[in-house]
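Architecture and fold: a report
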Amino acid sequence: MKFKTDQNEFFKLLEDTWPPEKVIHFDNWTIRISDGAGKRASAISLEGIWEENSFRKLKGLLKKLDKPEIFMIYQSGSLFESMLKKLNYQVFDKSCIFEISVTELIKCEPPPISMFSIWPPLQIQKELWNSNGIGRQRQAVMSRANQVKTSILGRWSDTPVASAFVAKSGNVAFLHALVVDQNFRRQGVAKALMRHAGQWANMNNCSRLMVVTTEANAAANGLYSSLEFQLVNKYHYRIPEA
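Counting restarts for each chain: residues are numbered from 1 in the order of the written sequence. Thresholds applied to this predicted model are a pLDDT of at least 70 for local features of residues and 80 or more for the giving and counting of side-chain atom pairs; totals over whole chains, interfaces and linings are not thresholded and use all residues. For the side-chain quantities, the full set of heavy atoms in the structure was used; hydrogens and water were omitted.

**Some details on the overall build of the protein**
Note the cut-off: Numbered from the N terminus, helices here are DSSP runs of H or I no shorter than four residues, and strands are runs of E no shorter than two. Atoms considered for the radius of gyration are the C-alpha atoms alone. The globule rule reads 2.2 Å times the number of residues to the power 0.38. By definition in these notes, contact holds between two residues if any of their heavy atoms fall within 4.5 Å. Method for areas: the Shrake-Rupley scheme with a 1.4 Å probe, in which residue coverage is limited to the protein chains shown.
Helix and strand counts for the protein stand at 8 helices and 11 strands. For a compact globule of 242 residues, the expected C-alpha radius of gyration is about 18 Å, and the protein comes in at 18 Å, within 12% of that figure. In terms of overall dimensions, the protein has a C-alpha envelope of 60 × 40 × 30 Å along the principal axes. Long-range pairs, those at least 24 residues apart, make up 71% of the contacts in the protein with a sequence separation of at least 6. In the form shown here, the protein has an accessible surface area of approximately 12,200 Å², with 48% of it arising from carbon and sulfur atoms.

Following this line, the structure appears as structure tokens:
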């Protein structure tokens, strides 16, 4: 099965499953505001035609809001991208969007590692996230998601070793915030968690499961490729030159 996710669908999936604290629509711009919750929940996107005058007005508004200029570029090579490049906005966090059919993901039985769907997350999961760079502000994003959702806890011999968050948008389950304790990596834990996520997606009538990761995250890219996820698109951010 070949997947194709356009910009509007991708932004809707993010809005539903990893929502910002606040959204401001200005001309053709969408301004996401989520202090400390990462770029995905605080980026600015252009959802229309580039207009230089509108961009100047946007910069004035961002200054009033004391909002950093973090632009999400979904269509590489667009006029928007070209203009930001000309203005010396630097590329940051090149990212990959992976997708798989739920049927394909769950065709193999998960290995004998205990996985549990839990909402709200347990304190031990919050500690796992905290110790792996997913702090209070990002965990607040999970609480804000107003969709069918769950966390997934992975245990190995009664030891909590992994955690993730999954939320549903339409027929898509979107997995975020996957972490595995560093002492239990390369032992099949992440694969088992992904297959459990597939089982959860199937029970909640999702036909597709989506994840994103940076190009620089070799371990995550390797994981999704080994599970036969398809690379369906890429995006990145541009920020002002330091």
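**Some remarks on the environment of Gln123**
The topology assignment puts Gln123 in helix α5 (residues 123–131). The sequence separation of Gln123 and Arg32 amounts to 91 residues, and the corresponding C-alpha distance is 28 Å.

**Some thoughts on the pairing of strand β5 (residues 89–101)**
Applicable threshold: For two strands to be treated as a pair, DSSP must find no fewer than two bridges joining them.
Bridge count for β5 against strand β11 (residues 230–240) is 9 bridges, and the pairing is antiparallel. Bridge assignment links Val91 to a residue of β11, and that residue is Arg238. Alignment of β5 against strand β10 (residues 208–214), held across 7 bridges, turns out to be antiparallel. If you follow Ser101 over to β10, its bridge partner there is Arg208.

**Looking at the packing of helix α7 (residues 189–203) against helix α8 (residues 218–226)**
For clarity, the cut-off: Lines are fitted to the C-alpha atoms to define the axes, a helix being fitted only along its stretch in contact, and any angle between axes, read from their N-to-C directions, falls within 0 to 180 degrees. Geometric relationships in this document are graded by angle, where less than 35 degrees denotes roughly parallel, more than 145 denotes roughly antiparallel, 65 to 115 denotes roughly perpendicular, and other angles denote oblique. Each crossing is labelled by how the near helix is turned from the far one, with a counterclockwise turn of less than a right angle marking it left-handed and a clockwise turn marking it right-handed. Each residue is assigned to one of three groups, with Ala, Val, Leu, Ile, Met, Phe, Trp, Tyr, Cys and Pro labelled nonpolar, Asp, Glu, Lys and Arg labelled charged, and all others, Gly among them, labelled polar.
Where α7 contacts α8, the two axes come as close as 11 Å, and the packing angle between them is 55°. On the basis of their axis angle, the class for α7 and α8 is oblique. As α7 packs across α8, the resulting crossing turns out to be right-handed. Contacts between α7 and α8 involve Ala190, Lys191 and Met194 on the former and, on the latter, Leu223, Tyr224 and Ser226. Taken together, the residues that form the contact of α7 with α8 break down as 4 nonpolar, 1 polar and 1 charged.

**Topic: the pattern of salt bridges**
Between side chains of opposite charge, pairing is possible as soon as their charged atoms come close. To be explicit about the condition: Between Lys or Arg on one side and Asp or Glu on the other, a salt bridge is scored when a side-chain nitrogen of the former is within 4 Å of a carboxyl oxygen of the latter. Under the scheme applied here, a residue whose accessible area is under 20% of the maximum for its type counts as buried, over 50% as exposed, and between as partly exposed, the area being computed with a 1.4 Å probe on protein chains only.
A complete count under the given rule lists 11 salt bridges for this structure. As a salt-bridge pair, Glu81 and Arg238 come within 2.4 Å of each other at their nearest N and O atoms. Pair noted here: Glu81 is in helix α3 (residues 79–86) and Arg238 is in strand β11, with a separation of 157 residues, a long-range link. Overall, the relative accessible area of 6% leaves Glu81 in the buried class. Linking Glu99 and Arg208 is a salt bridge whose minimum nitrogen-to-oxygen distance equals 2.3 Å. Of this pair, Glu99 sits in strand β5 while Arg208 sits in strand β10; the two residues are 109 residues apart in sequence, bridging distant segments of the chain.

**Describing the nonpolar core**
Quick reminder of the rule: To define a nonpolar core, start from buried Ala, Val, Leu, Ile, Met, Phe, Trp, Tyr and Cys residues and group those joined through side-chain atoms within 4.5 Å.
Leu175, Val189, Met194, Leu209, Val211, Tyr224 and Phe229 are the most contacted members of the largest nonpolar core, which has 33 residues in total. Contributing elements (two or more residues each) for this core: β5, α4 (102–105), β8 (159–169), β9 (172–180), α7, β10 and α8. When sequence neighbours within four positions are dropped, the list of residues in contact with Met194 reads Leu105, Leu175, Leu178, Leu209, Val211, Leu223, Tyr224, Leu227 and Phe229.

**Some words on unusual backbone geometry**
Residues Trp119 and Pro120 are joined by a peptide bond in cis, for which omega reads 0°. Positive phi, close to 50°, is recorded for Asp93, a residue that is not glycine. In this structure Asp93 comes out as partly exposed when scored by relative accessible area, which is 29%. Of note, Ala177 is a non-glycine position whose phi angle comes to about 55°, a positive value. With respect to the helices and strands, the residue Ala177 is situated in strand β9.

**Observations regarding helix α1 (residues 7–17)**
Test applied: In protein, a polar contact means a hydrogen-donor-capable atom and an acceptor-capable atom, both N or O and within 3.5 Å, with residues adjacent in sequence counting only if both atoms are side-chain atoms; elsewhere, any N or O pair within 3.5 Å suffices.
Along α1, the residues that are buried comprise Gln7, Phe10, Phe11, Leu13, Leu14, Asp16 and Thr17. A side-chain oxygen of the first residue of α1 lies 3.3 Å from the backbone nitrogen of Asn8; this N-cap is Asp6.

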